[in-house]
Structures are given as structure tokens and as C-alpha cells.
Amino acid sequence: MKAEKIMLSPGKMKLKKLYILTLIVLAFTGFGQMPIFKRYYIADIPGLGWSADFYMTHYIHYIGSILFLGLIAYFIVDYFLSERRRFKLSVSSGVRILLLAGIVITGIFRVFKNFPDVVFSPGFTVFIDIAHLGFAMAFLFSALGFLIAGSGWVRKR
Amino acid sequence: MKKELSRRSFLKGGLATVGVLGVSSLPLPATAKGVSGQELATLIDIRKCIGCEACVEACQEVNATKFPEPKKPFPKMYPTNKVKVSDWSDKKDVTDRLTPYNWLFIQESTVNVNGQEETFTIPRRCMHCQNPPCADLCPWGAARKLKNGITQIDPDICLGGSKCKVVCPWHIPQRQTGVGLYLDILPALAGNGVMYKCDRCYNRIEDGKLPACIDVCPENVQKIGPRDEILAEAHAIKDEIHGFIYGEKENGGTNTIYVSPVPFEDLNKGLEKAAGKPGLEKVEDSMAHADNLAKAMIIAPIAGIAAAIGKFYTSSKKLAASKEDEK
């Protein structure tokens, strides 16, 4: 059952586009952390040669994460300050929030681990690596499902 | 110099044999047992190295149980023109470069010192960086840094993608196809074996023993201890001989500190550089840019919160003004 379509203000529409673009960049550069783009000809596509450079994909992933964290913080505070009276979160947004929280928390640990003086146990290192990828995959598949189902983040109260 | 070379050739055979026979159980110095909680570093005084390869043989001997035993024939990997088999299983005797079966080798560099040619022999292996890009960028956590400063690759998890080798400034890890976890997942489509490199005999260190290369060296070329102490000693030697240090700042700092009487730029020029034969060039901190970006991640949510509060404040003011106008 599709929810009633909510018209976004021009400002919100721009932020939504930025959010989707950031997700695409994060997903692409995130998968690029695995040595697959050179093997599977992605880096041979004109203009995508950089995708085989692990440092480059890492930097872009970090820049995307900076943008993503800023957007998420904005959306959360904006919802509680300005939007909560008019809109309520949909059921699908609960799933998305859980998965995004998983991505963000494991991502923070992953970034933290990369600092010179931070050493995690081998088991925990493997766990956060696999969990980060797992949450990202689950989020992407669920986002695709919600897109097909037409389930948005919020509903009118 | 001639004296040094003849001494070297004399000792090469004899002492190497004595040294390897002596891979035993010399204990770690008390200060190196991790009591201080500091990372352990090694000091390599290249003035002392005679190139006898006792360390190389000892490394192979004590780590033989960790070496790959690939299953043949190897599964076909696709796309065939992109994925190359790396097979060293029939070349286990190679000792003049790094391989999955040779984690330490002796590199030679001939340098002109005061008009005379002088040859230096340098033990080369993983530098055990303080912020190792191999461990930071490994997508599975197969490469990891331990609290005692060792960087190791877990052969049970590594899929052999070779990313660690690509991002390593010295391209140290070496791949063996036909072994490891990838065989149990999608051998045709993902992975290509396991990456191998020096693990600084982590298991011997756990048991309170010296790494084999240090244990057997007849010339005491290497020393292990807390990094601060090793650095202090390296600087003392450097000052005494008006020498040079490599590894203290390279790649943001490593736990392998070389001391040399000649500049490392000169040694680097005299090295044969090829696959499995790393250089001694200056290396910037590979992770520095990422570390700076990571710090910006702390600011990002604050900026997002400030923007949302700013928007709320502006719209509240507008609303109040419009209500005022209505009155």
C-alpha cells in the first residue's frame, strides 16, 4: 500500500538529492575498498580509472562520510524541531534508521581503528569490517525494496 | 672495505650454519616483554651485517609451518586476462627477494664512500609500520596491527586480493594462489590465495622468545625492545658515527629502525629494485590525508545540527513576525 505522496519544499528536495548522491558515492567507493574494480573492468571504463586507486576511493569514501554525517545530523534535529508536529515516521523508516545506525556506528569504529594509536583485537576488527559491509548491503537492498513499495520516510499525521 | 668483504665471505658460510643451528630459545630482553605497554621495535645496524643469510635461513626454518601448501591444479579464475596465478610453491628456494616462502632477504647496495666502493648488506622484510596502510585498508581485517607493534596477516581470513601489497609503500606482502579461504567461497570469481609476509615471529614473542632472525644473527645486527629505547639507541649510534636513520619517520613511523653510516638516499640508489625487492626511498605518511579527513568527521554532525537549529530559528522568527503583522 503506497503512502500519500508528500510534496517537498525546494530546499528539502535539494537536500534529498544530495542525500541520494552521497549514498551512491558511499556505496560505490565502499565496494571499491574490495579489490574488484580492476578485476571486473570497472576501472577500465573511461573516467573511472581512479576507482582502482585504493587511496583515492578511501579519501572519497571519507569525504562522502563527512557529508553523510552532516546530513543525518541535520535531518534528525530538523525533524524534532520543525517537522515532528506535521509528520510521523513510517514503519519502513524504522528499518532504515536501524540499518543506517549500524552503518554509522561500525563506520565510526572503522575510522577510529585507522588512527595510528588505536588497536582493536583481531576478532573485533573482523567483526566491524564484516558488519559495516553487511549493514550497507542490507540497507541498499531494503532501500530498493522500499522504493518499489513506494514507502517513504514519513507520513502525514 | 676489502677487509669487510673478505670477512663477510669467510663468515657467510660458517656463521650462517652455526647461527641457524642456534635457532633456539633466547629469551626476549625483560624490557621487550611488553611490560611497558609500548610497541616493540627492532634496530638494524647495517654496519654489522655481513650478509651471511643466517637470519634468512632461520626465518624459513621457524616459519616453515606457516608457509602455504597450495592445492593443485588451481581453480580457474575469471576474468582470465585480469587475474594472474601467483605460484611460488615450486620456487621455495628463492632467497634473493621476498616471496610467500621467504619473508626476509638480504639486499646489497654498493655505495661510493670517499672515492671507494663499499658494499652494504641489508636485511629486508616488513617494516611493521605504526599506522600500517595494509591493516587500515584491508577490507576484511585479515591484515591487522597487534598491540605490540607487529603487523600480521591472518592466513585463515585473507582472500589474496593483494590490496595490502598495492597500498604498502614497500610492496612487501607476497601472494600464493591455491590456498586459503577463497577456495571455499567463490574461487573462480573472488580472491586469489593468501598474502604472506614477516609476522616478526609473533608466536615466539608470545612465548617470550626472540624473533628467529634476531636470535641466530652471529653479528648481533638486530635488536628488539620498546620503541622509545630502540630509537634512543639508534640516535646514539647515529650521533656517534655521524650516521643516518631510516624507519623512524617513514610512512609516519615504523617499528623497524635502520642505522647506517651512509645516507639512505645513496643506499637506495645502489639497490636493485624489482618485484619483491623494496627500495629505501623517503616515504610520506600514507594515511596522513585520511587521518585529517577523519578529524573532519567530528565537525560534520556539529555543522548539521547548527544548520538545522539555524533553520528552525529563522523560520520561528518569520512565523512570529507574520503573526505580529496579522495583529
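Residues numbered from 1 in each chain as written. Chains lettered and ligands numbered in written order. Predicted model: local features only at pLDDT ≥ 70, side-chain atom pairs only at ≥ 80, totals over all residues.

**Considerations on the overall build of chain B**
Reasoning step 1: Summing up its helical and strand segments, chain B has 9 helices and 10 strands in all.
Reasoning step 2: Within chain B, residue pairs in contact and separated by at least 24 positions form 68% of the contacts whose partners lie at least 6 positions apart. (Helix = DSSP H or I, 4+ residues; strand = E, 2+ residues; numbered from the N terminus. Contact = placed C-beta atoms within 7 Å.)

**With respect to the nonpolar core**
Reasoning step 1: Counting residues in each nonpolar core, the largest one holds 68 residues, and the members touching the most others are Cys-55, Cys-59 and Cys-213 of chain B.
Reasoning step 2: Counting residues per element, this core draws most heavily on helix α2 (residues 54-62) of chain B, at 6 residues.
Reasoning step 3: Tyr-62 and Leu-71 of chain A together with Met-287 and Ala-290 of chain B belong to the second-largest nonpolar core, a separate cluster that totals 10 residues. (Core = buried A, V, L, I, M, F, W, Y, C linked by C-beta atoms within 7 Å. Buried ≥ 20, exposed ≤ 12 C-beta atoms within 10 Å, placed from the backbone.)

**Overview of the interface of chain A and chain B**
Reasoning step 1: In this complex, chain A contributes 31 residues to the contact, which on the side of chain B involves 40 residues.
Reasoning step 2: At the level of elements, α2 (54-83) and α4 (122-149) of chain A are the ones that each hand at least two residues to the side of chain A that touches chain B.
Reasoning step 3: By residue number, the principal contributor to the side of chain A that touches chain B is α2 of chain A, which donates 18 residues.
Reasoning step 4: When grouped by side-chain class, the residues that make up the side of chain A that touches chain B number 21 nonpolar, 7 polar and 3 charged. (Nonpolar A, V, L, I, M, F, W, Y, C, P; charged D, E, K, R; others polar.)

**Concerning the confidence of the model for chain B**
In low-pLDDT regions, the fine details of the predicted coordinates are not to be read closely.
Reasoning step 1: When pLDDT is averaged across chain B, the result is 91; 89% of the residues are at 70 or more.
Reasoning step 2: Note that residues 1-11 of chain B has pLDDT below 50 and, in this model, 8 contacts with residues that lie over four places away or in other chains. (pLDDT = per-residue confidence, 0-100.)

**Concerning the packing of helix α1 (residues 10-31) of chain A against α2 of chain A**
Residue and element names in this part refer to chain A.
Reasoning step 1: Interhelical geometry of α1 versus α2 gives an angle of 150° and a closest axis separation of 9 Å. In terms of axis orientation, α1 runs roughly antiparallel to α2. As for how α1 packs across α2, the hand of that crossing is left-handed. Residues Leu-15, Leu-18, Tyr-19, Thr-22, Val-25, Leu-26, Thr-29 and Gly-30 of α1 lie in contact with α2, whose contacting residues are Thr-57, Ile-60, His-61, Gly-64, Ser-65, Leu-67, Phe-68 and Leu-71.
Reasoning step 2: Per-class residue counts for the contact of α1 with α2 are 9 nonpolar, 7 polar and no charged. (Axes fitted to C-alpha atoms, helices over the stretch in contact; angles between N-to-C directions. Parallel < 35°, antiparallel > 145°, perpendicular 65-115°, else oblique. Left-handed = near helix turned anticlockwise from the far one by under 90°.)

**Observations concerning the pairing of strand β2 (residues 105-113) of chain B**
Regular strands place side chains that alternate from one sheet face to the opposite one.
Reasoning step 1: Summarising the sheet, β2 of chain B and strand β3 (residues 116-124) of chain B pair through 9 bridges and their orientation is antiparallel. Bridge pairing in β3 of chain B links Val-111 of chain B to Glu-118 of chain B. (Pairing = 2+ DSSP bridges.)

**A look at the packing of α2 of chain A against helix α9 (residues 288-326) of chain B**
Reasoning step 1: Look at α2 of chain A against α9 of chain B: their axes get within 8 Å of each other, and the N-to-C directions meet at 25°. One element, α2 of chain A, and the other, α9 of chain B, form an angle in the roughly parallel class. Remark: the crossing between α2 of chain A and α9 of chain B carries right-handed chirality.
Reasoning step 2: For the contact of α2 of chain A with α9 of chain B, a count of residues per class yields 24 nonpolar, 7 polar and 2 charged.

**Things to note about α2 of chain B**
Reasoning step 1: Among the 9 residues in α2 of chain B, 8 count as buried, and that is most of the element.
Reasoning step 2: Three or more residues of α2 of chain B are buried, namely Ala-54, Cys-55, Val-56, Glu-57, Ala-58, Cys-59, Gln-60 and Val-62 of chain B.

**Quick word on helix α7 (residues 227-241) of chain B**
All names here are of chain B.
Reasoning step 1: A rise of 1.5 Å per residue sets the reference length of α7, with its 15 residues, at 21 Å; its end C-alpha atoms lie 21 Å apart and thus fit the reference within 8%.
Reasoning step 2: When we look at burial in α7, the residues that qualify are Arg-227, Ile-230 and Ala-234. Buried residues of α7, seen end-on, are gathered within an arc of 65° and therefore sit on one face of the element. Among the exposed residues of α7, those oriented more than 90 degrees off its buried face are Ala-236, Asp-239 and Glu-240.
Reasoning step 3: Tucked into the core, α7 has its buried residues touching β1 (40-45), β8 (222-226), β9 (244-246) and β10 (256-260). (Expected span 1.5 Å × (residues − 1). Arc of directions from axis to C-beta.)

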